[in-house]
Amino acid sequence: MRVILAPMEGVVDALMRDILSTINPYDLLVTEFVRVVDQLLPEKVFLKLCPELLNNGNTPSGTPVRVQLLGQEPQCMGENALRAIELGSHGVDANFGCPAKIVNRSKGGAVLLQYPESVHDIVKAMRQAVPKEHAVTAKIRLGYEDKSLFMENAIAVYEAGATELAIHARSKVDGYKPPAYWEYITEVRKRLPIPVIANGEIWNRDDAKRCIDVTGCDSIMIGRGAISLPNLADTIKTGATPYTWAQTLGLMLSYTQRELNGRKSDYYPARIKQWFTYLNRQYPEADTLFRELRVFKTTEEIVAVLEAAQRNLAD
């Protein structure tokens, strides 16, 4: 079984990929999307979003990383797919799942699921541009306003020559509200001869097992669950014990130190508060601590709260 870390815009950046791949046996990580409009992007754009390209496309711990592209113009998507491969990406992925309004208004992401022919043309252009030994993959939702075209879109990806297909088992309208409709993935998996990756509502090892049982897939993709429980992939693949709150708090402080060493500290408060919104699901202690730190706006204040919490746990 493969466990893949999902692309999460504004959440799973290079630092988070590094931290999570160090403590989990991920088979693959997918980047935040590179936005493609109407031109071949310079190398620096790819390197900014995927600095792992400078390390043969791997995280420091050796986990392969795949660049994801988001766009609607087939030729440009093909040209940029080839550039990603030439820079060292382990395959290239097409984003047809992003539900963000600003992206959809620009005819990118999930809005394209209304037009299976466009999905086909984009993936085909990428496949034709990329040497056959490299993977060309796609991630879709079950639809945009409804799920009526879920199979048409899946077939479009396959017939365009994709290596494999990841499916987030919700429509754009469903957003991230439970449940995930895994049974739709089952139908696609039975219909397509290429590997299908199941994604949606996998928060723990039991969820992963049920998803595999329902879909018949041997590969899963985890997103929000991977942030909620930092060693989720390890629990799924090896049966490891889920991280305690003390372990997770220590990981957050390690992240904090590296974040502050690598970027301007004014970026940090929003990022750490965002992480807490995911941790609250797994750890009651996270909710309590978040109530304390959410009123603070400066990095120094938030770091002081985290460090005090760690000292209290040690006492």
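Residues numbered from 1 in each chain as written. Predicted model: local features only at pLDDT ≥ 70, side-chain atom pairs only at ≥ 80, totals over all residues. Heavy atoms only, no water.

*Asks:* Account for the packing of aromatic side chains, naming residues and giving values.
*Replies:* Geometry of an aromatic ring pair is reported as the spacing of the ring centres plus the angle between the planes. Summed over the entire model, instances satisfying the criterion amount to six aromatic pairs. Relative to F290, the ring of F276 lies with its centre 5.8 Å away and its plane at 20°, an arrangement referred to as stacked. Of the two residues, F276 sits in helix α12 (residues 268-282) while F290 sits in helix α13 (residues 284-293), which places them 14 residues apart along the sequence. In this structure F276 comes out as buried when scored by relative accessible area, which is 0%. Members of the aromatic cluster, connected to one another through ring pairs, are W245, F276, Y283 and F290. One cation-aromatic arrangement involves K147 over Y181; the distance from NZ or CZ to the ring centre is 4.3 Å. (Phe/Tyr/Trp six-rings, centres within 6.5 Å; stacked < 30°, edge-to-face > 60°. Helix = DSSP H or I, 4+ residues; strand = E, 2+ residues; numbered from the N terminus. Buried < 20%, exposed > 50% of the residue type's maximum accessible area, 1.4 Å probe, protein only. Lys NZ or Arg CZ within 6 Å of the ring centre and 35° of its normal.)

*Asks:* Could you give me a rundown of the sheet that holds strand β2 (residues 28-35), with the residues and numbers involved?
*Replies:* Spatially, β1-β2-β3-β4-β5-β6-β7-β8 is the arrangement adopted by the eight strands of the closed barrel, whose pairing is parallel. Across the sheet, the mean angle from the axis of one strand to that of its neighbour is 30°, orientation sign disregarded. Looking at chain direction, strand β5 (residues 136-143) and strand β6 (residues 164-171) are connected through six bridges and run parallel. Paired with G143 across the strands is S171, a residue of β6. Here helix α5 (residues 116-129) sits on the sheet and contacts β3 (65-70), β4 (92-96) and β5; the angle it forms with β4, its principal contact strand, is near 170°. In the packing of helix α6 (residues 150-159) onto the sheet, the strands contacted are β5 and β6, and the crossing angle to β5 comes to about 175°. (Pairing = 2+ DSSP bridges. Axes fitted to C-alpha atoms, helices over the stretch in contact; angles between N-to-C directions. Contact = heavy atoms within 4.5 Å.)

*Asks:* Give a description of the UniProt feature "active site" (unreviewed entry) in the chain that names residues and reports values.
*Replies:* The UniProt entry lists C98 under the feature "active site" (unreviewed entry), expressed in the numbering used here. The residue C98 is located in the loop between β4 and α4 (101-105) in this model. In this structure, C98 is in contact with F33, L70, V103, N104, G109 and A110, ignoring residues within four places of it in sequence. (UniProt positions renumbered as here; feature names shortened; annotations may be inferred.)

*Asks:* Kindly report on unusual backbone geometry, identifying the contributing residues and their values.
*Replies:* Keep in mind that most residues, glycine aside, have a negative phi and that most peptide bonds are trans. Here the residue pair P178 and P179 is connected by a cis peptide bond, since its omega of 5° sits within 30 degrees of zero. Residue placement: P179 occurs in the loop between β6 and α7 (182-191). Unlike most non-glycine residues, N56 shows phi in positive territory, near 60°. Along the chain, N56 turns up in the loop between α2 (43-49) and β3. The phi torsion at E201 lies on the positive side, around 60°, for a residue other than glycine.

*Asks:* Lay out the environment of Q247 with the relevant residues and their values.
*Replies:* Within the fold, Q247 resides in helix α11 (residues 245-262). For Q247 and E300, which are 53 residues apart along the polypeptide, the C-alpha to C-alpha distance reads 22 Å.

*Asks:* Break down the nonpolar core for me, citing the residues and quoting the values.
*Replies:* Formed by 98 residues in total, the largest nonpolar core has its most connected members in L69, F96, L165, I222, F276 and L306. Apart from residues no more than four positions distant in its own chain, L69 is found in contact with V34, V36, F46, M77, N80, A81, V92, D93, A94, N95 and M126. Membership of the second largest hydrophobic core comes to seven residues, among which are I4, V30, A166 and M221. (Core = buried A, V, L, I, M, F, W, Y, C linked by side-chain atoms within 4.5 Å.)

*Asks:* Tell me about the packing of α11 against α12, and name the residues and values.
*Replies:* Closest axis-to-axis distance for the α11/α12 pair is 11 Å, and the angle between their directions is 160°. By the angle between their axes, α11 is roughly antiparallel relative to α12. The two elements α11 and α12 meet at a crossing, and its hand is right-handed. Contacts between α11 and α12 involve W245, T248, L251, M252, Y255, T256, E259 and L260 from the first element and Y268, R271, I272, W275, F276 and L279 from the second. A breakdown of the residues in the contact of α11 with α12 according to their chemical character gives ten nonpolar, two polar and two charged. (Parallel < 35°, antiparallel > 145°, perpendicular 65-115°, else oblique. Left-handed = near helix turned anticlockwise from the far one by under 90°. Nonpolar A, V, L, I, M, F, W, Y, C, P; charged D, E, K, R; others polar.)

*Asks:* Tell me about the side chain of S228, and name the residues and values.
*Replies:* Its place among the elements puts S228 in helix α9 (residues 224-228). Look at S228 and you get buried, because its relative accessible area is 1%. Within the structure, S228 has its side chain in polar contact with the backbone oxygen of Y278 (distance 3.2 Å). In contact with S228, other than residues within four places in its own chain, are W203, Y278, L279, R281, Q282 and Y283. (Polar contact = N/O pair within 3.5 Å; in protein donor to acceptor, adjacent residues only side chain to side chain.)

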